[in-house]
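Reading the structure
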Amino acid sequence: MKTLFIAPVGKIQSLASTSLALVKALKDSGMNVGFIKPIGSDHNHSSELYRTLFQDETPSPILEADVNDAIRHNQYDELLENVVAKVAEVSKIHDIVVVEGLTYQSDRPYTHDLNADIARTLCAGVIFAGNAKEDSAEEVAAQFDLNAYIYSQAHVWFAGYIINHVTNPDAMTQITHLCQTDFCRSLDLMGIITEAESAKDDQAAVAHIAQSLNVTKLIEALKQPSPNRMPPSAFRYKLIQSAQQANRRIVLPEGDEPRTLRAAAICAERGIARCVLLANPETVAEVAKANNIVIPTQGIEIIDPATIAEQYVAGFVERRKHKGATEETAREALKDSVVVGTMMLAEGHVDGLVSGAVHTTADTIRPAFQLIGTAPDSKMVSSIFFMLMKDQVHVYGDCAVNPEPTAEQLADIAVQSARSAAIFDIEPRVAMLSYSTGTSGAGPQVEKVAEATKIAQEKAPDLMIDGPLQFDAASVLSVGKQKAPNSKVAGRATVFIFPDLNTGNITYKAVQRSANVVCIGPMLQGLAKPVNDLSRGALVDDIVYTIAITALQGNQQ
């Protein structure tokens, strides 16, 4: 699916006519095109006109009052996820979706930033729609300059611009020379729309504008492969959708912990997973009442772990007999709800486990090592974090489990992390990080990364893996081209493999706190069945997303 975002510029008039004229021009060229105005009034003009002209449905928009509430209540990310959902609905039956932006008004000062964020989230091609009815060529050029700068910060691709209500076409053809920014100079002029006596109503206006548009270059661009980028809002939307489809049963050993209980309620309400809370039911009821949590009647099970521990004694002994386990030691171990939950997972009674809001990482992971073990094709267990950067979700590994991995282990971490990224629709381009790029530096640590890179490339020749790379060479395109010009990964990495736990843990926390980045994880990889750890400072949303990740892992396995 390709997306085009119509970005209004200046004192725009007839935005609906311009947007739908583009739809018509693309349809007339044989493209399968849909349309949506994701934010607007309940019966907004653009949507109604689209239905009339093309006899096609489009989803109802998010009302502006709801947008105001979302911004006021710090639910901006959820707002963008809602937009993604609306566009995804249109994309089910259309190859291209034209998305109409929100025009600026003084009572919604957030308009420019919101439009740019929507375009970024959708990885859309931006088409600026300007208006020359009251403005000179110089004024229109200045408006394009300003908007090109705003949208350049969103890292979108500029597909072109359209100028409507033109009374002096000769003056408007000089607009590219009047624009001062490099962004504007690269824009293609798709149409200078002159005033027409025949365009007396909306349908006539759409037809008039459509026949004046030149979409040849646009169609060529739309036929090219899109850069595979996963913005945070799109990642969260796809994650929740995939978890809902997976319909997994996830055990939460900390069932009476308030954040965990609230997260389980959200998962049940949204159909993300069927959660099993291990806790005394009376205690859970008290916690729910004290924290104003409504426990759904469906989608949640509450089980006192003491009432089911005995049925897992024999299985525990069988799995730990090589360590001298007895029924007595098994019963003692099964007093821990995490151990009970792990045995439920080991026996196939649940599909995944999430813990760590109260327990330490060791308390969560140790039973998994002891009772579940590694997957048949894995020699080790490692971890990744999903770092929700502004424009792209990155994967960091290993930042939680292995202190000093060998070159062989580092290669395994790289391959595991790449495979995990692919599960979540993140195209894996793996950077093996070091303080040296290529052969620019020397020393045992650089040599270890170089060896690990070679091993990883041999293990997984189908993956894009390169190293040693410095972080800037891996993440910044201009630096990557300079330091590693022949690399397919440099400057475009999505998966970052750190040489040791010290480096990885410091880096992910520094990025998380300094850049105010949402961080989901750690997600464990390499276990025979999915177990995931939480930070003891985890927010409710963190727990919800970790449950979703675990459900998706369970579905894959």
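In case you missed it, the structure is sitting above this.
Report on the accompanying structure.

Each value, and the rule that gives it
Residues numbered from 1 in each chain as written. Predicted model: local features only at pLDDT ≥ 70, side-chain atom pairs only at ≥ 80, totals over all residues. Heavy atoms only, no water. Buried < 20%, exposed > 50% of the residue type's maximum accessible area, 1.4 Å probe, protein only. Helix = DSSP H or I, 4+ residues; strand = E, 2+ residues; numbered from the N terminus. Pairing = 2+ DSSP bridges. Right-handed = clockwise from strand over helix to strand, strands pointing away. Phe/Tyr/Trp six-rings, centres within 6.5 Å; stacked < 30°, edge-to-face > 60°. Axes fitted to C-alpha atoms, helices over the stretch in contact; angles between N-to-C directions. Parallel < 35°, antiparallel > 145°, perpendicular 65-115°, else oblique. Left-handed = near helix turned anticlockwise from the far one by under 90°. Contact = heavy atoms within 4.5 Å. Nonpolar A, V, L, I, M, F, W, Y, C, P; charged D, E, K, R; others polar. Salt bridge = Lys/Arg side-chain N within 4 Å of Asp/Glu carboxyl O. Polar contact = N/O pair within 3.5 Å; in protein donor to acceptor, adjacent residues only side chain to side chain.

Glancing now at the pairing of strand E10 (residues 274-278). Most of E10 is tucked away, with four of its five residues classed as buried. Alignment of strand E9 (residues 249-252) against E10, held across four bridges, turns out to be parallel. In the strand pairing of E10, Ile250 is matched with Cys275. In this view, the connection linking E9 to its parallel neighbour E10 by way of helix H13 (residues 258-270) has right-handed handedness. Bridge analysis of E10 against strand E11 (residues 300-303) gives four bridges, and the strand direction is parallel. Within E11, the residue paired with Leu277 across the bridge is Ile302.

Applying the stated criterion to the full structure yields eleven aromatic pairs. Between the aromatic rings of Phe35 and Tyr50, the centroid separation amounts to 5.4 Å while the plane-to-plane angle is 35°, which identifies the pairing as tilted. Note that Phe35 is positioned in strand E2 (residues 33-36) and Tyr50 in helix H2 (residues 45-54), a separation of 15 residues in sequence. Tyr50 carries the same exposure label as Phe35, and that label is buried. Feature note: the residues Tyr396, Phe471, Phe496 and Phe498 constitute an aromatic cluster, connected by ring pairs.

Their axes nearest at 10 Å, the elements helix H1 (residues 15-28) and H2 cross at an angle of 30°. Taken together, the axes of H1 and H2 lie roughly parallel to each other. Every pair of crossing elements has a handedness; the one defined by H1 and H2 is right-handed. Side by side, H1 and H2 meet where Ala16, Leu20, Val23, Lys24 and Lys27 of the first sit next to His45, Ser46, Leu49, Tyr50, Leu53 and Phe54 of the second.

The topology assignment puts Ala418 in helix H19 (residues 407-423). Note on Ala418: relative accessible area 0%, which makes it buried. Spatially, the C-alpha atom of Ala418 lies 10.0 Å from that of Ile384, the residues being 34 residues apart in sequence. When near neighbours in sequence (up to four residues on either side) are disregarded, Ala418 contacts Pro428, Val430 and Leu463.

Turning to the packing of H13 against helix H24 (residues 540-556), a few remarks are in order. Contact geometry for H13 and H24: axes closest at 9 Å, N-to-C directions at 55°. Compared by their axis directions, H13 and H24 come out oblique. Handedness of the H13/H24 crossing: right-handed. Mapping the contact onto sequence places Arg259, Thr260, Arg262, Ala263, Ile266 and Cys267 in H13 and Val540, Ile543, Val544 and Ile547 in H24. Grouping the constituent residues of the contact of H13 with H24 by class yields seven nonpolar, one polar and two charged.

This paragraph deals with the pattern of salt bridges. One side chain can pair with another of opposite charge once the charged atoms of both are near each other. Counted under the stated rule, the structure contains 23 salt bridges. Here Arg249 and Glu301 are joined by a salt bridge, their closest N and O atoms 2.7 Å apart. Of this pair, Arg249 sits in strand E9 while Glu301 is found in strand E11, placing the two residues 52 residues apart along the sequence. With relative accessibility at 16%, the residue Arg249 sits in the buried group.

This brings us to the pairing of strand E1 (residues 2-8). Among the seven residues in E1, seven count as buried, and that is most of the element. Here E1 shows a buried face lined by Lys2, Leu4, Ile6 and Pro8 and a second buried face lined by Thr3, Phe5 and Ala7. Of the pairings in the sheet, the one linking E1 to strand E6 (residues 125-131) comprises five bridges and is parallel in character. Considered in E6, the bridge of Ala7 is made with Phe128.

With ten of ten residues buried, helix H17 (residues 337-346) lies mostly within the body of the structure. Among all positions of H17, only Ser337, Val338, Val339, Val340, Gly341, Thr342, Met343, Met344, Leu345 and Ala346 are buried. Where H17 begins, the capping side chain belongs to Asp336, and its oxygen is found 2.9 Å from the backbone nitrogen of Val338. Of the residues flanking the end of H17, it is Gly348, one or two places downstream, whose phi is positive at about 85°.

What follows covers unusual backbone geometry. Across the chain, the bulk of peptide bonds are trans and the bulk of non-glycine residues have phi less than zero. In this chain, Gly467 is followed by Pro468 through a cis amide linkage whose omega measures -5°. Following Gly521, the chain continues into Pro522 via a peptide bond in cis, with omega recorded as 5°. Take Pro522: it is sitting in strand E18 (residues 518-525). Located in the positive-phi region is Asn74, a residue other than glycine, with phi close to 60°. Within the secondary structure layout, Asn74 lies in the loop between helix H3 (64-72) and helix H4 (76-91).

Once that is clear, we can look at the sheet that holds E2. In spatial order, the strands read E2-E5-E1-E6-E7-E8; together these six strands make up an open sheet with parallel pairing. With one partner strand each, in any of the chains shown, E2 and strand E8 (189-194) form the two edges of the open sheet. Sheet twist, expressed as the mean angle between neighbouring strand axes with direction ignored, is 20°. The pairing of strand E7 (residues 157-166) with E8 spans four bridges and is classified as parallel. What sits directly across from Ile162, in E8, is Gly191. With respect to the sheet, H4 is in contact with E2 and strand E5 (96-100), its orientation differing from that of E2 by roughly 150°.

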